[in-house]
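Notes for the structure review
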Amino acid sequence: PRHGTIAPKHFLPLAVQLRAVERVDDAVRRAALASLRQLEAAGLARGLRVSFNLSAHTARRRGVAHQLLELIAEYGFTPDRIVVELTESEIESSSLQQLRRNLEVLDNAGVVVALDDFGVGTSSFRHLAALPVRELKVDRSFVRQLVSGQGTALVEGLVALANRLGLELVAEGVEDAATARLLVDLGVRRAQGFHFHRPLSPGALARLLRQRTDPRGR
């Protein structure tokens, strides 16, 4: 109430310090699922999924997969409506075994496991081979270089890799139409970024979806 809307980078360090991250995570997930449920009731949620960021520390905790599946079921959704994103640079080689077990539970249930910021870590391909990943998110640092002619070969290689492995590829940080066109030309089918829209409140998202469903706003 005093500070208004603030970015996660400003409050997450304090949440970590106070050991409140798991409570924050639970509150955010419940709010997101409740919003999706409201959109569904209004007939506006067709094709929509919810993506949760999951820290590597949390993702390797025993029982976390079952807790997440119980939460999804509590709100009446099937697991395939949920994407769990892990930041690739956070994953520690020493914890891969427990992390893999938890992710396999989610993957077997139908939850989509995504590797976020792919390409910036030191063990990207090892993590890709060791974990049940279904989606790769190309780090924004590579996407930003496309307009200047740099990074094209890398993105082309990631497209070929994703196609060969049967993975979905998502480009992060798309901020202009020129970058979006280049990504389409390179074969990237999905992207996210400010070019498409800025973050919205649940109410504003509902209004946007309603307008796109019926341009006259009915």
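To be clear, the structure that these remarks concern was listed above.
Residues numbered from 1 in each chain as written. Predicted model: local features only at pLDDT ≥ 70, side-chain atom pairs only at ≥ 80, totals over all residues. Heavy atoms only, no water.

What follows is about the overall build of the protein chain. What the protein chain contains, in helices and strands, is ten helices and six strands. Seen through its C-alpha atoms, the protein chain measures out along the principal axes to roughly 50 × 45 × 35 Å. Counting over 218 residues, the protein chain shows a buried share of 39%. Considering only intrachain contacts with a sequence separation of at least 6, the fraction spanning at least 24 residues in the protein chain is 65%. For the protein chain, the computed accessible surface area is about 12,900 Å², with 52% contributed by carbon and sulfur atoms. Distance from the positive charge centre (30 side chains) to the negative charge centre (24 side chains) of the protein chain: 4 Å. (Helix = DSSP H or I, 4+ residues; strand = E, 2+ residues; numbered from the N terminus. Buried < 20%, exposed > 50% of the residue type's maximum accessible area, 1.4 Å probe, protein only. Contact = heavy atoms within 4.5 Å. Areas by Shrake-Rupley, 256 points an atom, 1.4 Å probe, with all protein chains shown as cover. Lys, Arg positive; Asp, Glu negative; His and termini not counted. Charge placed at Lys NZ, Arg CZ, Asp CG, Glu CD.)

Even without being glycine, Arg19 reaches a positive phi, approximately 55°. Position of Arg19 among the secondary structure elements: in the loop between α1 (8–17) and α2 (21–41). Overall, the relative accessible area of 78% leaves Arg19 in the exposed class. In this structure, Asp117 takes a positive phi of about 55° despite not being glycine. Looking at where Asp117 falls in the secondary structure, it is placed in strand β3 (residues 112–118).

Given a rise of 1.5 Å per residue, 21 residues ought to cover 30 Å, and the 30 Å separating the end C-alpha atoms of α2 matches this to within 8%. Within α2, burial applies to Asp25, Arg29, Leu33, Ser35, Leu36 and Leu39. Projected down its long axis, α2 shows its buried positions confined to an angular sector of 155°, all on one face. Away from its buried face, by an angle of more than 90 degrees, α2 presents the exposed residues Arg23, Gln38 and Ala41. Of the surrounding elements, those touching the buried residues of α2 are β1 (50–53), α3 (56–59), α4 (64–74), β2 (82–87) and α10 (202–213). (Expected span 1.5 Å × (residues − 1). Arc of directions from axis to C-beta.)

So far we have only geometry, and geometry alone does not tell us how the molecule works.
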